[in-house]
2 protein chains.
Amino acid sequence: MQEIFDYIDAHAQEYIGRLQALCRQPSIAAQGVGMAETAAMVQQMLTDVGATARLIPTDGYPVVYGELPGRGPRTLLLYNHYDVQPPEPLALWTHEPFGAEIADGRIWARGVADNKGNLVARLCAVDAWRQVRGELPLTLKFVFEGEEEIGSPHLGAFAEAHHTLFQADGCIWESGYKDLQGRLQVSLGCKGITYVELRARGANRDLHSSNAAIVPNPVWRLVWALQTLKTPDERIAIDGFYDDVRGPSPRDRELLAAWDFPAEAFRQSLEIPAFLRDATDEQVKEDLLFQPTCNICGIQAGYTGEGSKTVLPNYAFCKLDFRLVPDQRNERVLALLREHLDRHGFSDIEVVDLHGEDPARTDPDHPLVQAVVRAAQVVYAAPPQLLPSMAGTGPMYHLCQRWGIGAVGSGVGHADSRNHAPDENIFVDDFIQGIKHMAQVFQEFAAS
Amino acid sequence: MQEIFDYIDAHAQEYIGRLQALCRQPSIAAQGVGMAETAAMVQQMLTDVGATARLIPTDGYPVVYGELPGRGPRTLLLYNHYDVQPPEPLALWTHEPFGAEIADGRIWARGVADNKGNLVARLCAVDAWRQVRGELPLTLKFVFEGEEEIGSPHLGAFAEAHHTLFQADGCIWESGYKDLQGRLQVSLGCKGITYVELRARGANRDLHSSNAAIVPNPVWRLVWALQTLKTPDERIAIDGFYDDVRGPSPRDRELLAAWDFPAEAFRQSLEIPAFLRDATDEQVKEDLLFQPTCNICGIQAGYTGEGSKTVLPNYAFCKLDFRLVPDQRNERVLALLREHLDRHGFSDIEVVDLHGEDPARTDPDHPLVQAVVRAAQVVYAAPPQLLPSMAGTGPMYHLCQRWGIGAVGSGVGHADSRNHAPDENIFVDDFIQGIKHMAQVFQEFAAS
């Protein structure tokens, strides 16, 4: 592999230039900015590294789908997204969001960590391999979607319609990063999500609050409904909610024990007296990856300005997200929530389904996991850390788990990459190392 | 009295002109608009009807204080306010807020019902009496404050400092109106109020909601704290909250039974299935005037825009108003609330005191009440309705009850006067009738 690594080092400037070019092309799915241009650009980049590539329409932005046949029997799927988060608030950036400036050893740009750096690194790994050795040792398939940052609303339908296309022996998931100690984090799953809005209505108009003695207040209805969902000991009180929670296996517990999560430093950085349930540093790791959640993302009703306006509001709503763990399912949680509210006397509370994903998890002993770890041991100085799951959510169930494809997250971000925030960045060196790591993954997985 | 009534009719245009002049002078306490000009104008109007008048400074806008000695031993205090609510939202007015236009038999202006119409009608009654008969049959005192619409923050201190000035045998309170059937509503009290903001804090910044598995969410803290304050059966669960609630006396129950409140029409106009506690039309009247409340005026936290942003907020607050009934006290309710939160494990919830008033109530058999009712029987076609209290709040405790002065609400508004709302108005005929009523009150109270 040294020849390939040398080639990558020799062509580092060119590869960095490819990443800069993609980062300078805005692709903000939420705002509809630059999506067609970026899809075409990514299709061209696939073609440039020898893949056949085409745009597959969805009811939203197209999926850029590519294939590159290789020598061996293995097939590896690469899942990425070409859309990025909106750059706002612009005033908080110290670098141009779409400038892809290099400073202090980092490339600064919206989407460079999430997830254009990973997308380009993977293509550069293909390029380097082909330039040095010709044919790849395994077949590659590429699914680059354009709607990950808006919740992948059409990826499930895409997967249903085209699942025969992207079947593979494993999938490299979109993201990954180094922790503060510089250790690559390799993750083996995603939590699912059920995101709803709860809405409560009262009279047909706001009233003077003196009427609160006789007229129902929908804010109280919402508060009373919410408090039936979760008790102050953080137990989610929806009947049946925990029925499908699998919990960590003995193998998961090994991984958790080996995971060096900086719990105390994180707690101090947040300035909170304790984690939930007064969790120990060991327990925090398990909670973060294996506890489902019921979280109030937002709530609003009535008068919220300065001082004391006396009003009886006629409308209240809140936004709730449940993070789901295997084997919970979004559809079932939605149904349980509705049943729970009805059973507790809150049939008047409307539940609006805003977004849902099912959780997914890959066996730590899957051949691709082993390949990614072995490759990391070759490329990186520090040993990688294997996480049974991410704490976050992605469309891994629909694209991979549903079809029995094991998925592994690995990428070029780091602990201060500021995904979704101003001054998103990656280290230039991490980008180059990520290219080498991916080339090594091709080698390891083909040989496994 | 017929001579005086005839004089009033003969000078109706002049009296209407005085009201229009005062309405055309903006006096928005919340925005500091026109306050000094209006205070000077009201002082001059008092002087014009023969009173001695002066401005008494407070830590806010001055009180216009006046005296007019009369023949008999009785002294009557007239409480009004010269400030008005802001006219916003301007786009919803079909008349100029400070135009005082006369159309469709009504005068349209911000403050014409609340409370310049009452203030001017009372002065016109003084004028008519003096023009026709000379000296009044009783001594009048006038307290016209400039901060009622912002919660009378300095009237308590004014009353403490100047209580020897305004002592009287009774007080005509600022407001009153006719119901839909044209019957004058005469009210004998105000509820008190405790207005607070509750604040909950979490980490030192908002976080990605995947952290909800381990990091406390202040919105949940607020929800759990709130639900300890009131149960879904509308029982306020703060220990000791009801201890000082006096409840209706047999005499109050007589008044309630005689009060023809259009409960069913009100319910239908609000499009609600039922009043709280499934109250009957009879019970609704008692609840409205005798139940204390715990009302959420507003609540806010986290993301409340379109769609599904996944965030763990680090701050949540709500605004609560408690309407108090005799003999509850604002200071005690504040203390009970703090104790309750502490006892229930919510010492972390901050309570910010935004406004407070104590409740007040006048004996239905007070001589002034009888005088107002008798005067109404003379002047108005329909018999008046005597209400044991208003459902709303005013500074009646500090100005009157505290000093043993019985206060009675009576005025020139009507059921569609739109106080605090666009197109505030009174009927011209009601204004003229109100002048006559007040002249008759002078007569009746002097003779009692």
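Rules of the game
Residues numbered from 1 in each chain as written. Chains lettered and ligands numbered in written order. Predicted model: local features only at pLDDT ≥ 70, side-chain atom pairs only at ≥ 80, totals over all residues. Heavy atoms only, no water. Helix = DSSP H or I, 4+ residues; strand = E, 2+ residues; numbered from the N terminus. Buried < 20%, exposed > 50% of the residue type's maximum accessible area, 1.4 Å probe, protein only. Polar contact = N/O pair within 3.5 Å; in protein donor to acceptor, adjacent residues only side chain to side chain. Contact = heavy atoms within 4.5 Å. Buried area = accessible area lost by both parts, 1.4 Å probe. Salt bridge = Lys/Arg side-chain N within 4 Å of Asp/Glu carboxyl O. Nonpolar A, V, L, I, M, F, W, Y, C, P; charged D, E, K, R; others polar. Pairing = 2+ DSSP bridges. Axes fitted to C-alpha atoms, helices over the stretch in contact; angles between N-to-C directions. Least-squares fit on C-alpha atoms with pLDDT ≥ 70 in both.

1. Focus on the side chain of Gln328 of chain B
Residues and elements named next belong to chain B.
Part 1 of the argument: Here Gln328 lies in the loop between β15 (315-324) and α10 (330-343).
Part 2 of the argument: Relative accessible area serves as the criterion here: at 2%, Gln328 is assigned to the buried category.
Part 3 of the argument: A distance of 2.8 Å separates the side chain of Gln328 from the backbone oxygen of Phe241, its partner in a polar contact.
Part 4 of the argument: Ignoring any residue separated from it by four or fewer positions in sequence, one finds Gln328 in contact with Phe241, Asp244, Val245, Pro292, Arg323, Asp358 and Pro359.

2. Observations concerning the interface of chain B and chain A
Part 1 of the argument: The interface is formed by 72 residues belonging to chain B together with 72 residues belonging to chain A.
Part 2 of the argument: The junction of chain B with chain A conceals about 5700 Å² of combined surface from both sides, 63% of it contributed by carbon and sulfur atoms.
Part 3 of the argument: Counting every contact that joins chain B to chain A gives zero salt bridges.
Part 4 of the argument: Across the chain B-chain A interface, the total number found is 39 residue pairs in polar contact (both at pLDDT 80 or more).
Part 5 of the argument: At eight residues, strand β13 (residues 295-302) of chain B tops the list of elements feeding residues into the side of chain B that touches chain A.
Part 6 of the argument: Taken together, the residues of the side of chain B that touches chain A sort by class into 37 nonpolar, 23 polar and twelve charged.
Part 7 of the argument: Both strand β13 (residues 295-302) of chain A and β13 of chain B contribute to a ladder of five bridges, which runs antiparallel. Each residue of the ladder has a partner; that of Ala301 of chain A, found in β13 of chain B, is Ile299 of chain B.

3. Quick notes on the sheet that holds strand β21 (residues 425-427) of chain A
All names here are of chain A.
Part 1 of the argument: Strand order in the open sheet made by the three strands is β4-β5-β21, with antiparallel pairing throughout. Here the strands that pair on one side only, and so sit at the sheet edges, are β4 (101-103) and β21. This sheet shows a mean twist of 25 degrees between the axes of neighbouring strands, independent of strand direction.
Part 2 of the argument: One ladder, built from three bridges, connects strand β5 (residues 106-108) with β21; its direction is antiparallel. Across the sheet, residue Arg106 finds its bridge partner in β21, namely Phe427.

4. Digging into the relation of the copies chain B and chain A
Part 1 of the argument: With an RMSD of 0.1 Å, chain B superimposes on chain A once it is rotated by 180 degrees and translated 0.1 Å along the axis. Both copies are brought into coincidence by an operation consistent with a two-fold rotation axis. Using C-alpha coordinates, one finds that chain B approaches the rotation axis most closely at Gln300 of chain B, a distance of 2.3 Å.
Part 2 of the argument: Taken together, the interface assignments show that 100% of the residues at the interface of chain B recur at the interface of chain A, consistent with an identical surface on both copies.

5. A few points about helix α4 (residues 112-133) of chain A
Part 1 of the argument: Judged by how many residues are buried, α4 of chain A sits mostly within the fold: 18 of 22 residues are covered.
Part 2 of the argument: Backbone geometry just downstream of α4 of chain A places Gly134 of chain A in the positive-phi region, at approximately 85 degrees.

6. A few points about the environment of Ala51 of chain A
All names here are of chain A.
Part 1 of the argument: In this structure, Ala51 sits in the loop between α3 (35-48) and β1 (52-56).
Part 2 of the argument: For Ala51, a relative accessible area of 6% corresponds to the buried category.
Part 3 of the argument: On a C-alpha basis, the gap between Ala51 and Gln25 in space is 22 Å, while along the polypeptide they are 26 residues apart.
Part 4 of the argument: The contact partners of Ala51, leaving out residues within four places of it in the chain, are Leu46, Glu67, Leu68 and Phe142.

Bear in mind that shape data such as this cannot, by itself, settle questions of function.
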